[in-house]
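# Topology and contacts: notes
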Amino acid sequence: MRLFRAGCTPIAIALATLTLAAAVHADTPPSAAAAPTPVRASASASEARTVLIRAREAIEAGELEAAAAMLEGFLVEAGEEPALLLTLGALYLRMGAPTVAESYLSRARRLAGGNRNIADTAEDYLRSAAAEASRSRWSGFVLFGLRYQTNPSLSSESNEILAGGLRIAVPDALDEQADNNAQVSSGIHHRYRLSPQVVLASDIDLYGALYAEDSSLSYGVIELTTGPAYERPAREHRRWRVRPHAIGLVSYFDDAVDEKTLGLGIDFGFRHGPRSAVTATYQFRHRDFSDDAFIDGAARAGDEHRLDLDFAHEIVPGQVLGLRLLGRKMNAGRPWYEEEQLEATLRYLFRVRNLLFPDRPAMAVTPYALWRTTDYGGADPAIAPNLTRSDDEWRLGIVGSAPFAKDWALELRAEQAERNSNLPNYDASNTLVTVGVRRQF
């Protein structure tokens, strides 16, 4: 399952060119943007510029070994420059040599001095290197946020509620107090290496929304996917992996169990060169709902087919364009609970100077746009017996993440959502503002 996480835009491809970016248009060696370290006199500014431009060109062409050789040669002239050591460590980590990477990254962290940007980045890469070398690896995030919404029927979780067959009409009057709510979301990833090419990969997604007044919209969900992933070793900087997996999901709506789902799926990931990645996932789910016995036999229960495509491409270092396409077909015991849904999300991540916390790493900013269309399988006799519902929905928003401490960031989000339905009572708009704290681990 994916609740809409455009802000969470997929993790950006880890690139070693971050510390080289400034050198392309300057006559100085690379730095991590916060506090440049001087280059020894034996390496002139023009020599630095030439070497770094060639190294960056090699990285962009996927020739990582050649770039590493150039930077190692320049390191002899420039001396123990933390930014160069950091770049070399990141390069070797990408090339699948965590032990060599750890050596460079440790030296970069030790020599960073007062440059916390370099020190923190080296520490992050060191954790990645240790995880790559270990048999068992945990990673993830947790986000706590407070939200203001003008209409919670178009909240981020409303799509999952509606997919469960529950209809949420637009209230006649809106109480601003009822629209303030809290949310928590978390993504946990575990990898247990079974062999050099096979890992047991498990993902746990958790989400909860607690409303201050309108408790009938309180919602929570936990989903687990797990299965063995075969990862082909990198060859010519191309890598692919395939993972068959099992799915388990439990959701809570209005303080009671709503849905229990089991399923099977397969995902395929492919990285093309150093800057592009594609993930395709197909899933089959059997969905059961706790109140079916009370409303109309197995009215809401049924099977779902889901196809999810996600593409990410780094246009220039630190700027990533993402596109997600999602299709779902849900069957049910009654046609008015059936849905066919198509969704497209476009997102663009870039980094800017951290104005809120100037001594911390750069902010990540992600504007996004989502379009979704939903067609129901038949007319609901309790709502409009002669008209089958069809909805079109747009969401435009922006997410900013500003690091303020090690592994901690302040997350700000604003979104405008509009839904047009052929049933007038379901036309809706919502303005959402979220302030949250995010913890990476």
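All of the points below concern the structure found in this document. (Residues numbered from 1 in each chain as written. Predicted model: local features only at pLDDT ≥ 70, side-chain atom pairs only at ≥ 80, totals over all residues. Heavy atoms only, no water.)

Further remarks concern the overall build of the protein. Each helix and strand counted, the protein has seven helices and 14 strands in total. Burial statistics for the protein: of 441 residues in total, 47% are counted as buried. A fraction of 61% describes how many contacts in the protein between residues 6 or more apart in sequence connect residues 24 or more apart. A total accessible area of about 20,200 Å² is found for the protein, and carbon and sulfur atoms account for 60% of it. (Helix = DSSP H or I, 4+ residues; strand = E, 2+ residues; numbered from the N terminus. Buried < 20%, exposed > 50% of the residue type's maximum accessible area, 1.4 Å probe, protein only. Contact = heavy atoms within 4.5 Å. Areas by Shrake-Rupley, 256 points an atom, 1.4 Å probe, with all protein chains shown as cover.)

Within this structure, the stated rule accounts for 22 salt bridges. Among the salt bridges present, the one from E231 reaches R191, with a minimum N-O distance of 2.9 Å. One end of the pair, E231, is in strand β4 (residues 219–231); the other, R191, is in strand β2 (residues 180–193), with 40 residues separating them in the sequence. Here E259 and R287 are joined by a salt bridge, their closest N and O atoms 2.9 Å apart. Taken together, the residues span a long stretch of sequence, with E259 in strand β6 (residues 256–272) and R287 in strand β7 (residues 276–289) at a distance of 28 residues. Neither residue differs from the other here; E259 and R287 are each classed as buried. Here the salt bridges share partners, and the residues they tie into one network are D308, R324, E343, R372, E393, R395, R413 and E415. (Salt bridge = Lys/Arg side-chain N within 4 Å of Asp/Glu carboxyl O.)

Okay, the packing of helix α3 (residues 82–94) against helix α4 (residues 98–111) next. In the contact formed by α3 and α4, the axes pass within 8 Å of each other and the chain directions differ by 160 degrees. In this view, α3 runs roughly antiparallel relative to α4, as classed from their interaxial angle. Seen along the crossing, α3 lies across α4 with a hand that is left-handed. Taking contact as the criterion, the partners of P82, L85, L86, L88, G89, A90, Y92 and L93 in α3 are, on α4, P98, V100, A101, Y104, L105, R107, A108 and L111. Among the residues making up the contact of α3 with α4, the classes are represented as 14 nonpolar, one polar and one charged. (Axes fitted to C-alpha atoms, helices over the stretch in contact; angles between N-to-C directions. Parallel < 35°, antiparallel > 145°, perpendicular 65-115°, else oblique. Left-handed = near helix turned anticlockwise from the far one by under 90°. Nonpolar A, V, L, I, M, F, W, Y, C, P; charged D, E, K, R; others polar.)

Positive phi values are uncommon outside glycine, yet D407 reaches one of about 70 degrees. Note that D407 resides in the loop between β12 (390–405) and β13 (408–421).

For the rest of this paragraph, the subject is the pairing of strand β11 (residues 363–376). With respect to burial, β11 is a largely interior element, 10 of its 14 residues being buried. Sheet analysis places strand β10 (residues 339–352) next to β11, joined by 12 bridges and oriented antiparallel. Paired with T345 across the strands is L370, a residue of β11. By the bridge criterion, 12 bridges tie β11 to β12 in an arrangement that is antiparallel. Of the residues in β12, the one forming a bridge with D375 is S390. (Pairing = 2+ DSSP bridges.)

Let us look at the side chain of E393. Here E393 lies in strand β12. Reaching out from E393, the side chain makes a polar contact with the side chain of R395 at a distance of 2.7 Å. (Polar contact = N/O pair within 3.5 Å; in protein donor to acceptor, adjacent residues only side chain to side chain.)

In this structure, L71, L86, L88 and L91 are the most contacted members of the largest nonpolar core, which totals 30 residues. Secondary structure elements with two or more residues in this core: α1 (45–60), α2 (64–78), α3, α4 and α5 (116–133). Broken down by element, this core gets its largest block of residues, nine residues, from α3. Core analysis: the next-biggest nonpolar cluster, separate from the first, contains seven residues, Y207, A209, Y211 and Y219 among them. (Core = buried A, V, L, I, M, F, W, Y, C linked by side-chain atoms within 4.5 Å.)

Together, I266, V278, Y282, F284, L307, L309, F311, L323, L325 and L346 line one region of the surface with nonpolar side chains, adding up to about 790 Å² of accessible area. Secondary structure elements with two or more residues in the nonpolar patch: β7, β8 (302–316) and β9 (319–330). Note on placement: V278 falls in strand β7. (Patch = residues over 30% accessible without salt bridge, like charges linked within 9 Å, V, L, I, M, F, W, Y side chains within 5 Å.)

Taking 1.5 Å as the rise per residue, α3 with 13 residues should run 18 Å; its terminal C-alpha atoms sit 18 Å apart, in good agreement. Taken as a whole, α3 has its buried residues at P82, A83, L84, L85, L86, T87, L88, G89, A90, L91, Y92 and L93. (Expected span 1.5 Å × (residues − 1).)

With that settled, consider the environment of R360. Here R360 lies in the loop between β10 and β11. Considering only alpha carbons, one finds R360 and P403, 43 residues apart in sequence, at a separation of 6.2 Å. If near-sequence neighbours (up to four positions away) are discounted, R360 is found in contact with R116, D120, N354, P403, F404, A405 and K406.

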